[in-house]
Amino acid sequence: MKIVQYGKMSLSLLVAPALSLLSSPLLAAEETLVVTATQDTISELDTPAAVSVVNGEEMRHAAPRINLSERLSGVPGLQVQNRQNYAQDLQLSVRGFGSRATYGVRGVRIYVDGIPATMPDGQGQTSNIDINSVESIEVLRGPFSVLYGNASGGVINVTTTTGTQPPTLEASTYYGSFGSWRNSVKATGATGDGTQAGDVDYTISASRFTTHGYRHHSSAQKNLANAKLGVRLNEASKLTLLLNSVDIDANDPGGLTEQEWRGNPQQAPRAEQYNTRKSTKQTQAGLRYDRQLSANDDLSVMAYAGVRETTQYQSIPVAPQLNPTHPGGVIELSRHYQGIDSRWTHRGNLLAVPVTFTTGLDYQTLSEKRKGYENFVAENGITLLGEKGDLRRNERNLMWNLDPYLQTAWQLTDKLSLDAGVRFSSVWFDSNDNYIIGKNGDDSGDASYHKWLPAAALKYALSDAWNIYTSAGRGFETPTINELSYRDGNLPGLNFALQPATSDTVEVGSKTRVGNSLLSAALFQTDTDNELVADQSSGGRTTYKNAAETRRRGIELSADSQPGYDWRVKMAWTYLDATYRSNACGTDDCTGNRIPGIARNMGYAALEYAPPEGFYAGTEVRYMSDIQANDENTATAPTYTVASLNSGYKLRFRERWMLDVWGRVDNLFDRVYVGSVIVNEGNNRYYEPAPGRNYGVGVNLSYTFL
């Protein structure tokens, strides 16, 4: 058995454009767990920050391959929950940042092959991530990379597979409870070894997913396609074309009160009444140019553009919409976004000290056409709900950012290294109101936000197998367009009273290799001024406010071990104490209360027996402590523990074919629990139930052109 080895390079997520996990103990004991960038490699052991890497094969192992929540629960500090609502995306937060989101992802930057899945205003989504194409997912916790702006929680960086020889064709299918189907195809390959001019590599993937849904009125269908084409221009440069498209139609079951959840967690009474639903179509393309200017200099330029169309029907009663300033119960969004990120990396010596620095400029723009309509029509004296009616809102919103940055890495001695950098983040917002009728006045306006974002990390190697580090950094999080869109009390106009949140984080950590295990620990504190929190959420519409001061203190522990050639043990524990340090509740003082949407304790343990061929099996257990649902801490989602089992068989025949047949059981003991909460929901409909015991089976068949 080969011991997993770890390299000694600087943090790629801090100083290089992209990362990918080369391999995982889940694949074979002979492989090595490292993270790689364009020129350098790095291990989790040597990273002077809290970072976790999940391999693409691990993401796909005996899994439905539908949601990131299936395999990311083992990352400490990351709270990712499946809402069982494909109209609203996953609920994802890092160290508690992002927990306020009623849909999409906030407070965390998401990248896929260098293209932001997070818009300039800080709002992101995971719906366009193709798990079939994933090579690796890296999660950096905390604001310790100045390469990425407008986020407080950290960075999730997804790298897709780069095709290699020999070409491989794969088809897979999955069938699960609640009428869930997924069918996928993928082709990968290359001509040449990728080092000569004219060499080409490719990865093409497409999938279709449909489900009746666990809850009433929660059916969905999703079509997803992803393509990556690389061309070696010459020995020093490469051009990569990236294409992605996603089309989702989903019903929205909405939240339930505690009484409704305990009475019948599958019901969706208002959703059926108003036929609440959402459709999303997004297509984007990117072009990345990488060039090795010299033995010590690299240049990378990423340019991208995309369009996203969204239509959402909400469960807002007719009466409130009769107010002449109400924007209606149907939202239509048309977004066009584009950007360019150019960076230069140099490796050399300064005063006899080895140093690497990366400097660059990041520019993003977003143009949004937002319209609102009544969600009812009157025909022959009868009011029909869930139908698009008269126009009630029409505006054009623009947002853009321009961020220069510099990141450096200094090898001060054989054992001591320093990573330090700074980013100047500037974000502009401009709104033009084109619906000025009667009492609905002109709500146009503009705002701009600017902040210096320094970060530094100092690492000391106690031995070749044990590193300790300390780091400090600042995060910056602006209000998103959606958070600016509504004011409390159904008042007209945009919520320009919102201010950006600024977070200062300090962290100390230790990482050590013991035999064939990697043990990590991180202790951190984050103080935030003007944190953006949910004010009121009702009828699918949420208003926001600033909380003057909040504090997060936490401990993150993880262990990843390969005790035998085909065995893997993975464990993680997170303790996160997130509280208000000032009153955010108006007349009811909630100073000292827990910030809603955040679990204080999370635990994870998994045991896998996974040889390259033949029989395999695994089990995992997830623990989540209670979660407060409102600022007053008067509504709580209870603690739960759930377990799952999986098993399968891999058969290789005639050298070219590989057949993988598997099955799994989730929520093995049929636990009744809340999967996620809608923070500060104005009608006390906080709860989004999780399914009981459910099953799934899958078949993967691949052919290699040897």
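Please refer to the structure higher up on the page.
All values derive from a computational prediction rather than experimental measurement.

Student: Explanation requested: the pairing of strand E18 (residues 330–350) in the structure shown.
Tutor: It is a general feature of regular strands that their side chains alternate between the two faces of the sheet. Examined bridge by bridge, strand E17 (residues 297–313) and E18 share 17 bridges and lie antiparallel to one another. Opposite Val301, over in E18, you have Ser342 as the bridge partner. In this antiparallel pair of consecutive strands, E18 and strand E19 (residues 353–373), the connection spans two residues, and Leu351 shows a positive phi of 55°.

Student: Is there a simple way to think about the sheet that holds strand E4 (residues 50–55) in this case?
Tutor: Spatially, the five strands line up as an open sheet ordered E4-E9-E10-E7-E8, and their pairing is mixed. The open sheet has two edge strands, E4 and strand E8 (115–116), and neither has a second partner. Relative to strand E10 (residues 154–160), strand E9 (residues 134–141) runs antiparallel, the two being bridged by seven bridges. Paired with Glu138 across the two strands is Asn157, which belongs to E10.

Student: It is not clear to me how the packing of aromatic side chains should be interpreted in this structure. Could you clarify?
Tutor: Geometrically, a pair of aromatic rings is defined through the distance of the ring centres and the angle of the planes. Counted according to the given criterion, the structure contains 17 aromatic pairs. Relative to Tyr687, the ring of Trp261 has its centre 5.8 Å away and its plane inclined at 25°; by these criteria the two rings are stacked. Of this pair, Trp261 sits in helix H3 (residues 258–263) while Tyr687 is found in strand E37 (residues 687–689), placing the two residues 426 residues apart along the sequence. Each member of the pair Trp261 and Tyr687 is classed as buried. Each ring, one from Tyr686 and one from Tyr687, has its centre 6.0 Å from the other, and the planes form 85°; the classification is edge-to-face.

Student: What's the story with unusual backbone geometry in this structure? I'm lost.
Tutor: Leaving glycine aside, a negative phi is the common case for residues, and trans is the common case for peptide bonds. In this structure, Pro166 follows Gln165 across a cis peptide bond, with omega equal to -5°. With phi around 55°, Asp113 is a residue other than glycine that occupies positive phi space. In this fold, Asp113 is placed in the loop between strand E7 (108–112) and E8. The phi torsion at Asn275 lies on the positive side, around 50°, for a residue other than glycine.

Student: Would you mind going over the environment of Phe705 with me for this structure?
Tutor: With respect to the helices, strands and loops of the structure, Phe705 is situated in the segment after strand E38 (694–704). Given the relative accessible area of 43%, Phe705 is considered partly exposed. For the pair Phe705 and Glu655, spaced 50 residues apart in sequence, the C-alpha to C-alpha distance is 9.8 Å. Excluding anything up to four places from it in sequence, Phe705 contacts Pro166, Pro167, Thr168, Leu169 and Arg656.

Student: What exactly am I supposed to notice about the pattern of salt bridges here?
Tutor: When charged atoms on two side chains of opposite charge get close, those side chains can pair. Throughout the structure, instances matching the rule amount to 36 salt bridges. Between Glu608 and Arg71 there is a salt bridge whose closest N-O contact spans 3.5 Å. Note that Glu608 is positioned in strand E30 (residues 601–609) and Arg71 in the loop between helix H2 (56–60) and strand E5 (78–81), a separation of 537 residues in sequence. Of the residues examined, Arg71 reaches a relative accessible area of 8% and is grouped as buried. Taken together, the salt bridges that share partners define one network made up of Glu58, Asp560, Arg568 and Lys570.

About the cut-offs
- By convention here, each chain's residues receive numbers from 1 onward along its written sequence.
- A pLDDT threshold of at least 70 governs which residues receive local features in this predicted model, and a stricter bar of 80 or more applies before side-chain atom pairs are shown or counted, although totals over entire chains, interfaces and linings include all residues.
- Calculation of side-chain values draws on the structure's entire complement of heavy atoms; hydrogens and water are dropped beforehand.
- Here, any two strands with at least 2 DSSP bridges between them count as paired.
- Segments assigned H or I by DSSP are reported as helices when at least four residues long, segments assigned E as strands when at least two residues long, and all are numbered from the N terminus.
- Between the rings of Phe, Tyr and Trp (Trp by its six-membered ring), a pair exists once the centres lie within 6.5 Å; its type follows the angle of the planes, with under 30 degrees stacked, over 60 edge-to-face, and the other angles tilted.
- Think of it in three bands: with a 1.4 Å probe and only protein chains considered, a residue is buried below 20% of the maximum accessible area for its type, exposed above 50%, and partly exposed in between.
- Should any heavy atoms of two residues lie within 4.5 Å, those residues are counted as being in contact.
- One speaks of a salt bridge when a side-chain nitrogen belonging to Lys or Arg is within 4 Å of a carboxyl oxygen belonging to Asp or Glu.

Bear in mind that shape data such as this cannot, by itself, settle questions of function.
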